[in-house]
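Structural overview for review
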There are 2 protein chains.
Amino acid sequence: MPDTSSCQFEQRPRRLVMGTAGLQADFCKMCNVRPSSVCSAIENEDIGRLAEAAVETIVTPGRCFIEEGEPATDFFNVTSGTVKLFKALPDGRRQITGFAGPGHFLGLAVSDRYAFGAEAVDTVRLCRFSRERMRVLLDDFPRMERRLLEEASNELVAAQNQMLLLGRKTARERVASFLLDQANHGELNSEGQLHLPMTRGDIADYLGLTIETVSRTLSWMRAQGMIDVGKGYAITILAQERLESLAEGED
Amino acid sequence: MPDTSSCQFEQRPRRLVMGTAGLQADFCKMCNVRPSSVCSAIENEDIGRLAEAAVETIVTPGRCFIEEGEPATDFFNVTSGTVKLFKALPDGRRQITGFAGPGHFLGLAVSDRYAFGAEAVDTVRLCRFSRERMRVLLDDFPRMERRLLEEASNELVAAQNQMLLLGRKTARERVASFLLDQANHGELNSEGQLHLPMTRGDIADYLGLTIETVSRTLSWMRAQGMIDVGKGYAITILAQERLESLAEGED
DNA sequence: GCTCCGCATTGATTTATATCAAGGGGTCAT
DNA sequence: ATGACCCCTTGATATAAATCAATGCGGAGC
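Everything quoted here is computed from the prediction, not taken from an experiment.

**Comments concerning the interface of chain A and chain B**
- Opposite the 36 residues of chain A that make contact, chain B presents 36 residues.
- Looking at the side of chain A that touches chain B, the elements that each hand over two or more residues are β5 (94–100) and α4 (142–168) of chain A.
- Examining the composition of the side of chain A that touches chain B, we find that 20 residues originate from one element, α4(A), more than from any other.

Printed below as a string of structure tokens:
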């Protein structure tokens, strides 16, 4: 069955079906990502307002839920899983501009169209807010707007770091930077392993490299004793300091 | 005289001297960049509050006025001229993350240190605001915070485009994209020429290329009849559509 | 069980761009 | 005027990473 979707990452032709019912206040009150998300800007006493504007959505792996260039109707807040954000060229070349994990807010768009696409890497849980309801919330809770500005500023810093990486770092430096970033953001499992939810192809599209170069670079790092590459997507960092100096080009 | 500054772009060892006196209300009221800047969020009746918090600063070409990693004490608003924003690696490799022209707001930083450096490309006029005074202004004028969020969102979109450029575009596509961006933002002179205030080196550091590749690519475009390279920094776009399809990789 | 297919790894070769190198044309201070 | 210094351009060569190609592994479906 051919893929007729405009989204390069879409793997299933079916439309994403999303519910429309709001949530109970307790849902937000108990939410484990609230402390680290923009939702923390709303106090417990007002949390019902937030909850009733939100719709919980589950996105299966590989499913695209924001398509670049489509009307920007919704904002999203990731509550679990990992999302890849990307831009594409007409001939299919792609650049992943970031990975968004729990607590991350998506959908900031100045124009009325999304400037990027978003696809679930693994199973992703989202809270969805329509733009209109979000607008009302922002009018009523200016603290939320401030929190959103903080979030945007953080992303801007990350984007600047990524521009330095893409414009000036070597393949080894890129991969080292990536592993350290992932180790800082995602938590390690009981064996100190870093679980990467994304494929080598995703990493390549994030780092501006090819799959082969990412694979070769990881093999080289393993040969150097810097990392251990386990089964599946698990990686153990064995020489963090060496990776850090490599990431900053001090080798 | 050796350059002992930590700023890679600093050319003069003297410290930047900046005044401390606030401005008259009329200064902001008459300001020609107010409509396109965050300052437009403050109405005429309150503009005195903005003016008294601002200090006008003139920065000579090549002068660095924000140093990466230094304490983030001030915000800036560019009123004339062009600023380059950059990040650097310890060995001197640099990435210019953007050029900021009139109306552009600088200094958004989450931590208490600047995440990037800023240097005047040509003679630059700035309004400077201390973080504390800016904080008070934002508390008193929530519209300004909203305006700042818009600005940050715009920058985020630009950053995503730049990541696509740096990660996935060829040298020709990069230069074509750059020329079109510049033509869109800066206005053309009476002869339809685009005046680029920055050097080939700056363009190279912005596009993740070398000076030689930028120069060769411009020469190639001229040989193709796409552009005319005039004296100094003037460029005429002769075949906009060809440049546009080139910029999007449709060639 | 087997087959298929996507993902990853590794090797051989190519190529776009960097690096090295030389020279020209401004501008500024002496 | 002269020389020093930038910045730019162009040519020759080197190289990091892409591309082309082959193989292996592991899960899903039959």
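**Points about the sheet that holds strand β6 (residues 105–106) of chain B**
Residues and elements named next belong to chain B.
- The antiparallel open sheet is built from four strands, whose spatial order is β1-β8-β3-β6. With one partner strand each, in any of the chains shown, β1 (55–59) and β6 form the two edges of the open sheet.
- Inspection of the sheet shows β1 paired to strand β8 (residues 124–130) by five bridges, in the antiparallel sense. Pairing of Ile58 across the sheet is with Arg125, part of β8.
- Along the sheet, helix α3 (residues 131–140) makes contact with β3 (74–80) and β8, crossing β8 at roughly 75°.

**Observations regarding the protein's contact with DNA strand C**
- Taken together, 16 residues are adjacent to DNA strand C, and Arg200(A), Ser215(A), Ser219(A), Thr170(B) and Thr213(B) come closest.
- For the surface near DNA strand C, the secondary-structure elements that each account for two or more residues are α6 (200–207) and α7 (211–223) of chain A together with α7 (211–223) of chain B.
- By residue number, the principal contributor to the surface near DNA strand C is α7(A), which donates six residues.
- In the surface near DNA strand C, the residues fall into five nonpolar, seven polar and four charged.

**Brief notes about the UniProt feature "domain: HTH crp-type" (unreviewed entry) in chain A**
- Under the present numbering, the feature "domain: HTH crp-type" (unreviewed entry) in UniProt falls on residues 169–241 of chain A.
- Within the segment residues 169–241 of chain A, helix and strand shares are 52% and 14% respectively, and the terminal C-alpha atoms sit 18 Å apart.

Parameters and conventions
Residues numbered from 1 in each chain as written. Chains lettered and ligands numbered in written order. Predicted model: local features only at pLDDT ≥ 70, side-chain atom pairs only at ≥ 80, totals over all residues. Contact = placed C-beta atoms within 7 Å. Helix = DSSP H or I, 4+ residues; strand = E, 2+ residues; numbered from the N terminus. Pairing = 2+ DSSP bridges. Axes fitted to C-alpha atoms, helices over the stretch in contact; angles between N-to-C directions. Near = placed C-beta within 6 Å. Nonpolar A, V, L, I, M, F, W, Y, C, P; charged D, E, K, R; others polar. UniProt positions renumbered as here; feature names shortened; annotations may be inferred.

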